[in-house]
Structure formats: C-alpha cells, structure tokens
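Reading the structure
Here is what each chain is made of, one letter per residue.
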Amino acid sequence: MMYEQQPVERTTYSNNSNSIEETERLEIVNLSGMSLDSLPNPSLNLASICKLDLSNNNLQNIPESLTARLVNTVALDVHSNQLRTLPNSIGCLSKLKLLNVSGNLIQHLPKTIENCKALEDLNLNFNKLIQLPENLGFELINLKKLSINSNKLLFLPRSISYLTSLKILDARLNCLRSLPEDLENLINLETLNVSQNFHFLDSIPSSIGLLLSLVELDISYNKIKSLPDSIGGLNKLQKLSVEGNPLTSPPPEVMELGLHAVKEYLGNKMNAGHQSPTPMKSPTKKKSWVGRLVKYGSFNIRNGPREEREAFIVSDDDRSIESVASTRYSGMFSPRRLFSGRNYFSH
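The structure displayed is predicted, hence computed values, not measured ones. (Residues numbered from 1 in each chain as written. Predicted model: local features only at pLDDT ≥ 70, side-chain atom pairs only at ≥ 80, totals over all residues. Heavy atoms only, no water.)

A tally of regular secondary structure across the protein chain gives five helices and 15 strands. About 17000 Å² of surface is accessible on the protein chain, with carbon and sulfur atoms providing 47% of the total. (Helix = DSSP H or I, 4+ residues; strand = E, 2+ residues; numbered from the N terminus. Areas by Shrake-Rupley, 256 points an atom, 1.4 Å probe, with all protein chains shown as cover.)

Structure follows, in structure tokens:
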C-alpha cells in the first residue's frame, strides 16, 4: 500500500488458487510509528491488503471508506493512537481474524463489529469502554481470546457466556459489579482473569464450577468473601489467585495448605450440602449445581489424582498495592493502574 510522500514497509506474496492461471496477490503493509495524524489517499488497491499495521501513530479516526474496502484483511492493528471510535464499516471485514485497538480512547464499539464473525483475537485493552455490545457473544462465535482489561466496564453482557470457542478472557482492572450467571457454555475457557476490580466485584457465580477446561483463575484484589463450593470440581485447575480479598471461606488454615487442600475442602462442602436434607441456602439450586457437576464428570475431588503443577496464590495479609502496571505499549501512554506482588505456593 503506497501512501504519497510516506515511506512504507510492504511485503507482497502470492496465494495460488486451484486454478493455475489465477493468482491473488496480497499485501502486508506496515505504517507503524510514523507520527501520522491522518491517512492520505492510497495508491494501492485496498482489497489486496491482508495485514495492515497503523499502530503507534496519532490517528484520531479511520475513514469509513478506507475500512470498507479492506475486504481481504485478516489482521488490523491500530493500537496506541488517539481513536475515540471505530468506523461502522468495520463490519465489512468478514475475513478479519485479529483486531488490536488497545491504547486508544474508545468508549463504545460500533454494533457492526458483530458482523466480523471470523474474529479470533480481539484486543480492547486500555481504552475507556463502559459497555460491550449486548449481542457480542451471540455473533463472534469463533473468538478465542478476548482482552478487555483496563477499561471502565461495569458488567459483561450475558451473551459472553455463548463464546464456546473462547480460551482466554482477560477482564481485569475494570469496575465489574458481577459476572454473568450462566458461564457453563464456555467449554474451552482455560484462563479467566477478573482481578483488580477492587471495591466492586464481591462474588463469583457457582457456574464457574462448570468451566471444565479452566486451568488458571485469577480473582485477586476484589471484595470476595467466599469462594463458590463448585470450584472444588475444577479438576484441570492448576493456578488460583485470590490474594487481596477479605476471604472467610475457605478458612485461613485451609488456604495455607495450597490449592489441592482448597479444592478438597470446597468439594467436601459441596458433597455435604448435596446430601443434607435441609441445606441452609437455596436447596434446589445447590442440588442442581452438584447434579450438573456429577453429570459432567468433573466432581470427583476425593478420588482424582493430584495435579502436578498446581499453584495457589494468596497473601498473608491485605497489603497495599506496590507497583505500577506495565504493558507492551507503556511507552505510548501511562495509565494510572496498579498491580501488586504475589506469593506463590506450589505442591
């Protein structure tokens, strides 16, 4: 893609089709770090671009007409600009698999993003998002990684629970009040990070125990007082981070013993609640959760093998946050976000 009076790093390759006579030439165009305030008219056919990098510039908008013609683009990177919105024509990118808009000033996503059904990796970190499109999860069925950390989200849309291909969900450093109740459809989710929602997130839904592929769970630095008993059924869980919460259940003496002991304690509580004729809270609902865990074959804490790489992360006290967050784009902007040190306990 040749922009007038702009040096461009361009790579061209051919994609041979079934017909020997037909050859499609696609371009990889890199305009990153050129201090661009706007995009001049291109001299290259935009339909020939498969990857476009406009990151680390000063762009305040992307022309609707430009985006609409990127019909063969599979990767679009506009991170670290001054964008306040994305063009509605983003929905024309039916082949788009990777979209990186992190480090901008975006408050809302256009509803048309739901038409990008090929998306596998969506990075919205370090923006000013206050909500996501309500039907996002119903439409982006191929999404494998959703990164929405360091925004101002109050809630996640319920449709998030229908992202059956999702493997990584990073929603830390927001203002989340709660998580969707129905999480069990996230059958491939391996990493869930909802840490550092600080004064807002005070509970985790019991349906988290049906995330049978979950390997890593980070709920640190929230206001959570009790872990759901259903966590005892997460047989693949290898890493649990809970420091910075006012936890009372499990008790400190159990938490000190590590992840396996915590899962066993919660598993025993679940069994006891299921067998008791008069459970203290929501007897029908609790029985339902146990039944589903048994049905899915995940609730077997007593007889299951002890995971070799388990790690349980917890602090001995409510220490204040000590260090400033950093990302790969920290040179472009300096969000006033805080992280803290962690203690790791392994079996």
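This paragraph deals with the pattern of salt bridges. According to the stated counting rule, one finds six salt bridges in the structure shown. Here Asp 170 makes a salt bridge to Arg 172, at a shortest N to O gap of 2.4 Å. The same class applies to Asp 170 as to Arg 172, namely buried. (Salt bridge = Lys/Arg side-chain N within 4 Å of Asp/Glu carboxyl O. Buried < 20%, exposed > 50% of the residue type's maximum accessible area, 1.4 Å probe, protein only.)

What follows concerns the environment of Ser 35. Tracing the chain through its elements places Ser 35 in the loop between β2 (23-30) and β3 (49-53). Ser 35 sits 21 residues away from Asn 56 along the chain, and the two C-alpha atoms are 7.4 Å apart. Apart from the residues lying within four places of it in its own chain, the contact partners of Ser 35 are Asn 56, Asn 57 and Asn 58. (Contact = heavy atoms within 4.5 Å.)

A cis amide bond links Ser 249 to the next residue, Pro 250, at an omega of 0°. By the element assignment, Pro 250 lies in the loop between β11 (239-241) and α3 (252-255). A positive phi angle, close to 55°, is found at Leu 173, a residue other than glycine. Take Leu 173: it is sitting in the loop between β8 (168-170) and β9 (191-193).

A few words on the environment of Phe 198. Structurally, the position occupied by Phe 198 is in the loop between β9 and β10 (216-218). Residue classification places Phe 198 among the partly exposed residues on the basis of a relative accessible area of 26%. Along the backbone, Phe 198 and Ser 220 are 22 residues apart, and their C-alpha atoms lie at a distance of 8.6 Å.

Glancing now at the environment of Gln 107. Position of Gln 107 relative to the elements: it lies in the loop between β5 (98-100) and β6 (121-123). Of the residues examined, Gln 107 reaches a relative accessible area of 40% and is grouped as partly exposed. Residues Gln 107 and Thr 85 lie 22 residues apart in sequence; the distance between their C-alpha atoms is 7.3 Å. When neighbours within four sequence positions are excluded, Gln 107 is seen to be in contact with Arg 84, Lys 128, Leu 129, Ile 130 and Gln 131.

Quick look at the packing of aromatic side chains now. Evaluation of the coordinates by the stated rule reveals one aromatic pair. A centroid spacing of 5.2 Å and a plane angle of 55° characterise the contact between Phe 138 and Tyr 162, whose relative ring orientation is tilted. With Phe 138 in helix α2 (residues 136-139) and Tyr 162 in the loop between β7 (145-147) and β8, this pair connects stretches of sequence that are 24 residues apart. Judged by relative accessible area, which is 43%, Phe 138 ranks as partly exposed. Relative accessible area serves as the criterion here: at 42%, Tyr 162 is assigned to the partly exposed category. (Phe/Tyr/Trp six-rings, centres within 6.5 Å; stacked < 30°, edge-to-face > 60°.)

Here we come to the state of the cysteines. By the definition in use, this model includes zero disulfides. In this model Cys 116 remains outside any disulfide bridge; the closest cysteine sulfur is found in Cys 92, 8.6 Å from its own. (Disulfide = S-S within 2.5 Å.)

The next subject is the confidence of the model for the protein chain. When pLDDT is averaged across the protein chain, the result is 80; 71% of the residues are at 70 or more. Note that residues 276-287 has pLDDT below 50 and, in this model, six contacts with residues that lie over four places away or in other chains. With pLDDT under 50 throughout, residues 298-311 is counted as low confidence; its partners more than four residues away or in other chains account for 40 contacts. (pLDDT = per-residue confidence, 0-100.)

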